[in-house]
Amino acid sequence: MLSVKNLFVKVEDKEILKGINLEVKAGEVHAIMGPNGSGKSTLANVIAGKEGYEVTGGEVTLNGTDLLDMNPEERAREGVFLAFQYPVEIPGVSNATFLKTALNEIRKHKGQDELDALNFLKYMKEKMRVVGIDEKLINRPVNQGFSGGEKKRNEIFQLQMLQPTLAVLDETDSGLDIDALKIVSAGVNSFRSKTNAVIVVTHYQRLLNYIVPDYVHVLVNGKIVKSGGKELALELEEKGYDWISNPKGEAVAV
Amino acid sequence: MSTEVENVEELTLKEYKYGFETDIETDVIPKGLNEEIIKLISSKKNEPEWMLEWRLKAYKHWLTIMDNEPSWANIKHPKVDFQDIIYYAAPKKKPELKSLDEVDPELLKTFEKLGISLQEQKRLTGVAVDAVFDSVSVTTTFQEELSKLGIIFCSMSEAIKNHPELVKKYLGSVVPYTDNYYAALNSAVFSDGSFCFIPKGVRCPMELSTYFRINTSGTGQFERTLLIADGGGYVSYLEGCTAPVRDENQLHAAVVELVAHDNATIKYSTVQNWYPGDKEGNGGIYNFVTKRGACRGVNSKITWTQVETGSAITWKYPSCILQGDNSIGEFYSVAVTNNKQQADTGTKMIHLGKNTKSTIVSKGISAGKSNNSYRGLVRVHKNAANARNFTQCDSLLIGDRCGAHTFPYIEVCNKTAKVEHEATTSKIGEDQLFYLRQRGISQEDAINMIVNGYCKDVFRELPMEFAVEAQKLLSISLEGSVG
Ligand SMILES: Nc1ncnc2c1ncn2[C@@H]1O[C@H](COP(=O)(O)OP(=O)(O)O)[C@@H](O)[C@H]1O
Ligand SMILES: [Mg+2]
């Protein structure tokens, strides 16, 4: 489904990603772990098409289609979804209006009929139940005055509403208490299917107890330095990232 | 990221939809301004002697100040040559119109094209329209139905003829011709406009509306509107305007006066979409307008709501004089400037009576290389015990070559007054745009969504039909601002 080949990315003349290779197949969940500043958000943003990043080499394709050539909205309509590390507030625009516009753009792109207000409402109610999100939040302006946890939950609600083919979750666990973490994870797990794929970006192992990955990749300093199964996450938790960065066991200050 | 800024600016290139010209036989008087011209206007309109005298007094006053065009506003433009303007142009028509069937079909078509149906029977929603084409009112709809309630809704010309006592009593009582430069000019040469009188205790059952259209090249439009709500009366009034695309600057200098007596309420809403000029700043309307409402009676209320998207230059400050105790003044404004447009707009709230309250919500949006200023005065006189004002003044910038400025003036002479002022300036964030686009919404729609959200507090004040219109206009104004 998603294929990242030898991807090099610069931000303001600084090389951030230095040759990333990643193959994600339908039905899989991949975790990308790594210390702060290693380039995880950069990778997520480049997949979603955020401006300000210069791709200096490599390719990113979704089911064979070149993503790098498309603007962000085209990628979204093709099925790329990014759950933001820092969801943005849009004053005066209700969540419902925003989602109805987004959903109908995606449906139009797929050649489906746009949902009218009534059908949209029915569909939304259904998805609200899945994520256990409060009606009050839906009618409020997008993310405005939401707590950190509410914002993250709103991201997962949007994931459920838009049903993308590839979901990239950037630090969705940060700022969540254990109850919120469980709800958010349940939202992601019920989204998982044979026809879609999920990339979970995190620097804590904790989330992976709830969203169990098929593969774990460790990103350090712009490179994937190790890949493995879900046990790799536990190992990292125990030994820290320095263990990976210095696999020969050289002494490193923590 | 500078590419992004350029993209955003591109989005703000707009197409003006209303730029067509109507080919219609027009009665045009010679260019220029002098006593003879004023007499000619007055005689074209078959005015009574007292009206001509009033005009001439105003003209004589204007002569004393004609070299002092106001320069304090944050706008720049070449000096207006007042001798190079045609002060009266009217569609040729049969002298007396008995019904709509007699209106020139070209004119009816023009208004249809603008989305304004003058065919009463066709209108589903109850909006009575007075349509002003160049210098004259061409038709007023629903007059008969309204007159059953004692409501007078007609053109100013008709009011001068049929209701001289009311006109004499109220004309110039809120904006005297000595008030300011353009008010003096308007008083001398005004051609037409709307007149409305709501009698005691009557709630006007439909929205009243005037639609202004400048058509003839080289003309100025100087309309005069007078609205009176007698004790306990209520009226909601809408005003819209457009003009053809031309590379010349045309002057629009209107005066609007509102009078609210005891317990009366007037809501006055404007969607101003005069031609703004092209991308380079050629052409467009100079919109120099004086609008003022007097809350004369106790518990009276005047609400100004304006959505200003057009004009090369906008200079207007719809104001409230809160004379009656417990009276309320409100001002809700969205002003959009794009390309090389300039706007200096705001309000004045003058608190004279006790327990008077005012609310100001101003949303400025600047794009392109435009310049947008809010200028507002809140004055509390020494007898205005317990006066309250709340001002919220926000500026939104699209791109980084536009300007936003705020000039709040607060003069408080009574210790019991409470005056609050909040101001913010923000940019449409790249982060906000990316967030919406990441959900599949195009950049253009994303900008519209953000801007509409930002203006929500003002749009809420507009009558439903107008709110939709305003949102559409806003998106046209910002059309093409992303590549
Ligand atoms: N817009 C930017 N401008 C400058 N440096 C940036 C920008 N975005 C990211 N970086 C730098 O790129 C590196 C990787 O950042 P990021 O992808 O956010 O890491 P992570 O998500 O793994 O914490 C960091 O050194 C960060 O400072
Ligand atoms: Mg990050």
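The model shown is predicted, which means the values in this text are computed figures rather than measured ones. (Residues numbered from 1 in each chain as written. Chains lettered and ligands numbered in written order. Predicted model: local features only at pLDDT ≥ 70, side-chain atom pairs only at ≥ 80, totals over all residues. Heavy atoms only, no water.)

A.B. asks: Outline the sheet that holds strand β6 (residues 80-83) of chain A, listing residues and values.
C.D. replies: Residues and elements named next belong to chain A. Read from one edge to the other, the open sheet built from 6 strands follows the order β6-β9-β10-β3-β11-β12, with strand pairing classed as mixed. Pairing within the sheet leaves two strands with one partner each, and these edge strands are β6 and β12 (223-228). Adjacent strand axes in the sheet meet at a mean angle of 20°, parallel and antiparallel pairs treated alike. With 5 bridges joining them, strand β11 (residues 215-220) and β12 adopt antiparallel strand pairing. Bridged to His217 within β12 is Ser227. (Pairing = 2+ DSSP bridges. Helix = DSSP H or I, 4+ residues; strand = E, 2+ residues; numbered from the N terminus. Axes fitted to C-alpha atoms, helices over the stretch in contact; angles between N-to-C directions.)

A.B. asks: Please provide a residue-by-residue account of the nonpolar core, values included.
C.D. replies: Within the largest apolar cluster, 109 residues are counted, with the highest numbers of intra-cluster contacts made by Leu2 and Ile199 of chain A. In this view, Ile199 of chain A contacts Leu2, Leu22, Val24, His30, Ile32, Ile47, Leu166, Ala167, Val168 and Leu169 of chain A; residues no more than four positions away in its chain are not counted. Of all hydrophobic cores here, the second largest spans 54 residues; its members include Ile38, Ile41, Ala188 and Phe222 of chain B. (Core = buried A, V, L, I, M, F, W, Y, C linked by side-chain atoms within 4.5 Å. Buried < 20%, exposed > 50% of the residue type's maximum accessible area, 1.4 Å probe, protein only. Contact = heavy atoms within 4.5 Å.)

A.B. asks: Which residues make up the pairing of strand β17 (residues 328-337) of chain B, and what are the values?
C.D. replies: The two faces of the sheet receive side chains in turn, since in a regular strand these alternate between them. Residues and elements named next belong to chain B. Burial analysis of β17 places 9 of its 10 residues in the buried class, the great majority of the element. Inspection of the sheet shows strand β14 (residues 301-308) paired to β17 by 8 bridges, in the parallel sense. Of the residues in β17, the one forming a bridge with Thr305 is Tyr332.

A.B. asks: Give me the lowdown on helix α8 (residues 181-189) of chain B, citing residues and values where you can.
C.D. replies: All names here are of chain B. The buried count for α8 comes to 9 of 9 residues, which makes it a mostly enclosed element. What α8 keeps buried is the set Tyr181, Tyr182, Ala183, Ala184, Leu185, Asn186, Ser187, Ala188 and Val189. The N-terminus of α8 is capped by Asn180, whose side-chain oxygen sits 2.9 Å from the backbone nitrogen of Tyr182. (Polar contact = N/O pair within 3.5 Å; in protein donor to acceptor, adjacent residues only side chain to side chain.)

A.B. asks: Run through unusual backbone geometry, naming residues and quoting values.
C.D. replies: Phi is positive for Asn143 of chain A, which is not a glycine, with a value near 60°. As for its placement among the helices and strands, Asn143 of chain A is situated in the loop between β8 (141-142) and α6 (148-162). Residue classification places Asn143 of chain A among the buried positions, given a relative accessible area of 0%. We note that Asn299 of chain B has phi near 55°; this positive angle belongs to a residue other than glycine. You can see Asn299 of chain B is positioned in the loop between β13 (284-295) and β14. Using a relative accessible area of 39% as the deciding quantity, one classes Asn299 of chain B as partly exposed.

A.B. asks: A description of the coordination of the magnesium ion (ligand 2) should follow, citing residues and the corresponding values.
C.D. replies: In this structure, Ser41 of chain A (OG) and Gln85 of chain A (OE1) serve as the protein donors to the magnesium ion (ligand 2), at separations of 2.1 to 2.5 Å. Placement of Ser41 of chain A in helix α1 (residues 40-48) and of Gln85 of chain A in the loop between β6 and β7 (90-94) is noted, with a sequence separation of 44 residues between them. (Donors = N, O, S within 2.8 Å, 3.2 Å for Na, K, Ca; no water.)

A.B. asks: Summarise the interface of chain B and chain A; cite the residues concerned and give the values.
C.D. replies: Of the residues lining the interface, 21 residues belong to chain B; the matching set on chain A comes to 34 residues. Between chain B and chain A, a total of about 2,200 Å² is buried, with carbon and sulfur atoms accounting for 62% of that surface. Of all residues in chain B, Phe434, Tyr435 and Arg439 of chain B bury the most surface against chain A, accounting for 35% of the area lost on that side. Linking chain B with chain A are 4 salt bridges, by the criterion used here. In this structure, Arg437 of chain B and Glu51 of chain A form a salt bridge, with 3.3 Å as the shortest nitrogen-oxygen distance. At the surface where chain B touches chain A, the tally comes to 15 residue pairs in polar contact (both at pLDDT 80 or more). Elements represented by at least two residues in the side of chain B that touches chain A include exactly α1 (2-11), α9 (430-438) and α10 (443-454) of chain B. Of all the elements, α9 of chain B adds the most residues to the side of chain B that touches chain A, at 7 residues. In terms of residue class, the side of chain B that touches chain A is built from 8 nonpolar, 7 polar and 6 charged. (Buried area = accessible area lost by both parts, 1.4 Å probe. Salt bridge = Lys/Arg side-chain N within 4 Å of Asp/Glu carboxyl O. Nonpolar A, V, L, I, M, F, W, Y, C, P; charged D, E, K, R; others polar.)

A.B. asks: Could you give an account of the site of ligand 1, naming the residues involved and the relevant values?
C.D. replies: All names here are of chain A. Around ligand 1, the surrounding shell consists of Val11, Glu12, Lys14, Ile16, Pro35, Asn36, Gly37, Ser38, Gly39, Lys40, Ser41 and Thr42. Between ligand 1 and Lys14 there is a distance of 3.1 Å, counted from an oxygen atom to a side-chain nitrogen or oxygen. In this structure, an oxygen atom belonging to ligand 1 sits 2.9 Å away from a main-chain N or O atom of Ser41. In isolation ligand 1 exposes 550 Å². Once the protein is present, 65% of that is buried. Elements supplying a minimum of two residues to the shell around ligand 1: β2 (14-24) and α1. Here the shell around ligand 1 is built from residues that sort into 3 nonpolar, 6 polar and 3 charged. (Near = heavy atom within 4 Å. Areas by Shrake-Rupley, 256 points an atom, 1.4 Å probe, with all protein chains shown as cover.)

A.B. asks: Can you tell me about the environment of Gly149 of chain A, naming the residues and giving the values?
C.D. replies: Mapped onto the secondary structure, Gly149 of chain A falls in helix α6. Dropping the residues within four chain positions of it, Gly149 of chain A is found in contact with Gly175 and Leu176 of chain A.

A.B. asks: Just give me the short version of the packing of aromatic side chains, but keep the residues and values in it.
C.D. replies: As enumerated under the stated definition, the model contains 18 aromatic pairs over all chains in all. A ring pair is formed by Phe98 of chain A and Tyr435 of chain B, whose centres lie 5.9 Å apart and whose planes are at 25°; its orientation type is stacked. Residue Phe98 of chain A is located in helix α3 (residues 95-109), and its partner Tyr435 of chain B is located in helix α9; the two belong to separate chains. By relative accessible area, Tyr435 of chain B is classed as buried at 0%. Connected via pairs of aromatic rings, a cluster forms that spans Tyr59, Trp62, Phe82, Tyr181, Tyr182, Tyr286, Phe288, Trp315 and Tyr317 of chain B. Sitting over the face of the ring of Phe190 of chain B, Arg55 of chain B holds its NZ or CZ atom 4.2 Å from the ring centroid. (Phe/Tyr/Trp six-rings, centres within 6.5 Å; stacked < 30°, edge-to-face > 60°. Lys NZ or Arg CZ within 6 Å of the ring centre and 35° of its normal.)

A.B. asks: Mind laying out helix α7 (residues 178-191) of chain A, listing which residues take part and the relevant values?
C.D. replies: All names here are of chain A. Taking 1.5 Å of rise per residue, the 14 residues of α7 would be expected to cover 20 Å, and the 20 Å separating its terminal C-alpha atoms lies within 8% of that figure. Taken as a whole, α7 has its buried residues at Ala180, Leu181, Val184, Ser185, Gly187, Val188 and Phe191. For α7, the angular spread of buried residues about the axis comes to 155°, placing them on one side. Looking at the packing, one finds that the buried side of α7 touches α6, β9 (166-170) and β10 (197-202). (Expected span 1.5 Å × (residues − 1). Arc of directions from axis to C-beta.)

A.B. asks: Would you mind going over the sheet that holds strand β4 (residues 54-62) of chain A in detail, with residue names and values included?
C.D. replies: Residue and element names in this part refer to chain A. If you walk across this open sheet you meet the 4 strands as β2-β1-β4-β5, and the pairing is antiparallel. The open sheet is flanked by β2 and β5 (65-66), the only strands paired with a single partner. Across the sheet, α1 is in contact with β1 (2-11), β2 and β4; its angle to β1 comes to roughly 110°.

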